[in-house]
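Fold and contact review
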Amino acid sequence: MKVFYFITLFCLVLILAGSEACGRKDSVAPGNEDGPPEPYTLDLPPGIPAPNYDFSQNPLTKQGIALGRHLFYDPKLSRDSTISCGFCHQQFAAFGHFDHALAHGIEGRIGIRSVPTLFNLIWQKEFMWDGGVNNLEIQPLTPITDANEMGEDLGHLVQRLQGDARYRKMFKAAFGSEEVNSQRLFRALTQFMATMVSFESKYDSVIRKAPGVAFTAEEQAGYTIFQQKCASCHKEPFFTDFTYRNNGLPYLPALNDVGRMKITGSTGDYLKFKVPSLRNVLKSPPYMHDGRYFDIYQVFALYDHGIAQSSTLDPLVKNGIPLPEQEQRALYMFLNTLTDPSFINNQSLSEILID
């Protein structure tokens with residue numbers, strides 16, 4: 001009996017040790033830490049336009065991506081070490097925030113806008129709901145320093161990371177020396193976010209004429225409705241035209257969010273927000289810039305009979321977009337084909353154990 005107990009205990013210790021090792025395998029950059037970083041090439045589908053992001057100043061490497069992934073999921077990037085980028089950008093929700101209407105952060109603070117999804121970022125020229133950031137490399141600066149999100153001082157964050165032996169090791173593997181600075185911090189995060197590419201939905205397979213893949217009759221009907229009533233703003237293949245529009249969403253005085261006018265100062269941009277991509281849309285509620293809708297059918301209802309008239313209302317929705325019940329169901333079925341399971345379940349994008 002004692003021998004059996006000792007063997008069982010010994011095996012348990014080995015299992016736990018192995019689990020811990022597996023959990024930590026991504027906490028250091030892959031490859032030779034003393035050699036140059038290893039180049040990484042994105043596998044992009046044919047027919048997709050060239051990315052807008054300029055990789056010449058920040059070429060992808062395995063070590064740089066690994067560092068960016070570690071940073072993305074590390075709550076130490078926030079002032080009180082409670083909020084990471086991945087806390088709000090949840091992979092199962094296409095890196096949106098499934099269970100909160102508005103962004104929230106340290107000390108239970110609440111923002112005024114919903115958390116945008118993160119994918120296909122390297123094709124975008126501007127970021128945030130109002131386009132207030134015009135370079136992917138500096139996009140993380142906003143949530144990191146925002147008082148209602150991560151609330152951290154950038155200089156203090158750099159000092160904190162510089163004092164961490166593991167981070168010094170990872171920065172050396174990614175950039176050739178142990179120096180931690182804001183440029184390297186943001187470039188590593190950008191390298192990881194650059195790998196968030198979503199073009200493997202059923203829709204993509206149908207468009208590429210993959211063998212044995214076709215829309216059902218209802219999906220095809222929904223695609224036809226989409227092309228007739230939605231595609232002017234949600235252009236293929238990104239399912240957004242990257243413009244800013246007033247889509248008739250009723251104004252909420254409590255939030256007092258004027259949209260892009262906050263950035264441009266032009267009254268012509270009053271209540272205009274970026275057109276979001278519809279890829280993975282059924283996996284990424286809540287909807288709209290203020291997260292007021294948790295059901296896609298509420299969005300259909302807005303366009304069908306809920307448009308609020310205003311001076312900057314987009315002409316395309318001035319008279320609403322009639323969507324009878326049967327069309328709504330067909331449209332729902334088509335939007336479901338925009339879900340990309342390989343992206344949502346991609347282990348290389350998943351959270352890693354950070355201790």
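Structure's up top.
Values in this document were obtained by computation on a predicted structure and should not be read as measured data.

Reading the values: the criteria
- Residues numbered from 1 in each chain as written.
- Predicted model: local features only at pLDDT ≥ 70, side-chain atom pairs only at ≥ 80, totals over all residues.
- Heavy atoms only, no water.
- Disulfide = S-S within 2.5 Å.
- Buried < 20%, exposed > 50% of the residue type's maximum accessible area, 1.4 Å probe, protein only.
- Helix = DSSP H or I, 4+ residues; strand = E, 2+ residues; numbered from the N terminus.
- Arc of directions from axis to C-beta.
- Contact = heavy atoms within 4.5 Å.
- Polar contact = N/O pair within 3.5 Å; in protein donor to acceptor, adjacent residues only side chain to side chain.
- 1 Å grid on protein atoms, 1.4 Å probe; cavity = no way out; pocket = protein on both sides within 12 Å on 5 of 7 lines; lining within 4 Å.
- Points joined across faces, edges and corners; volume = space filled by probe spheres on them.
- Nonpolar A, V, L, I, M, F, W, Y, C, P; charged D, E, K, R; others polar.
- Phe/Tyr/Trp six-rings, centres within 6.5 Å; stacked < 30°, edge-to-face > 60°.

**Structural notes on the state of the cysteines**
This model, assessed by the stated rule, comprises zero disulfides. We note that Cys85 lacks a disulfide partner, and the nearest cysteine sulfur, in Cys88, lies 8.9 Å from it. In this structure Cys85 comes out as buried when scored by relative accessible area, which is 12%.

**Observations regarding helix α5 (residues 154-162)**
Buried within α5 we find Leu157, Val158 and Leu161. All buried residues of α5 project into a common sector of 100° when viewed along the axis, lining one side. In the core, the buried residues of α5 are packed alongside α2 (62-72), α4 (141-145), α6 (165-175) and α7 (182-194). Between the side-chain oxygen of the N-cap and the backbone nitrogen of Gly155 there are 3.1 Å, and the N-cap of α5 in question is Asp153.

**Some thoughts on empty space enclosed by the protein**
Using a probe with the size of a water molecule, rolled over the atoms, empty space left in the structure can be pinpointed. Under the defined criterion, the tally for this structure stands at one cavity of 30 Å³ or more. In this model, the largest cavity occupies a volume close to 110 Å³. Lining the largest cavity are 14 residues, and of these Pro250, Tyr251, Leu271, Phe273 and His289 sit closest to its centre. Classifying every residue of the lining of the largest cavity gives seven nonpolar, four polar and three charged.

**Comments concerning the side chain of Arg245**
Mapping Arg245 onto the fold places it in strand β1 (residues 244-245). On the accessibility criterion, Arg245 (19% relative accessible area) is buried. Filtering out sequence-adjacent residues up to four positions away, Arg245 remains in contact with Ser232, Cys233, Leu271, Lys272, Phe273, Val275, Asp314 and Leu316.

**What to know about the packing of aromatic side chains**
Per the stated rule, a full pass over the model turns up 25 aromatic pairs. Here Trp123 and Phe199 contribute two aromatic rings whose centre-to-centre distance is 5.3 Å and whose plane-to-plane angle is 85°, an arrangement assigned as edge-to-face. Of the two residues, Trp123 is situated in the loop between α3 (85-88) and α4 and Phe199 in the loop between α7 and α8 (202-207); the sequence distance between them amounts to 76 residues. As far as burial versus exposure is concerned, Trp123 and Phe199 are alike and both buried. With centroids separated by 5.7 Å and ring planes inclined at 20°, the aromatic side chains of Tyr297 and Tyr332 adopt a geometry described as stacked. Taken together, the residues Tyr297 in helix α11 (residues 296-305) and Tyr332 in helix α12 (residues 325-336) connect sequence positions 35 residues apart. What makes Tyr297 partly exposed here is its relative accessible area of 33%.

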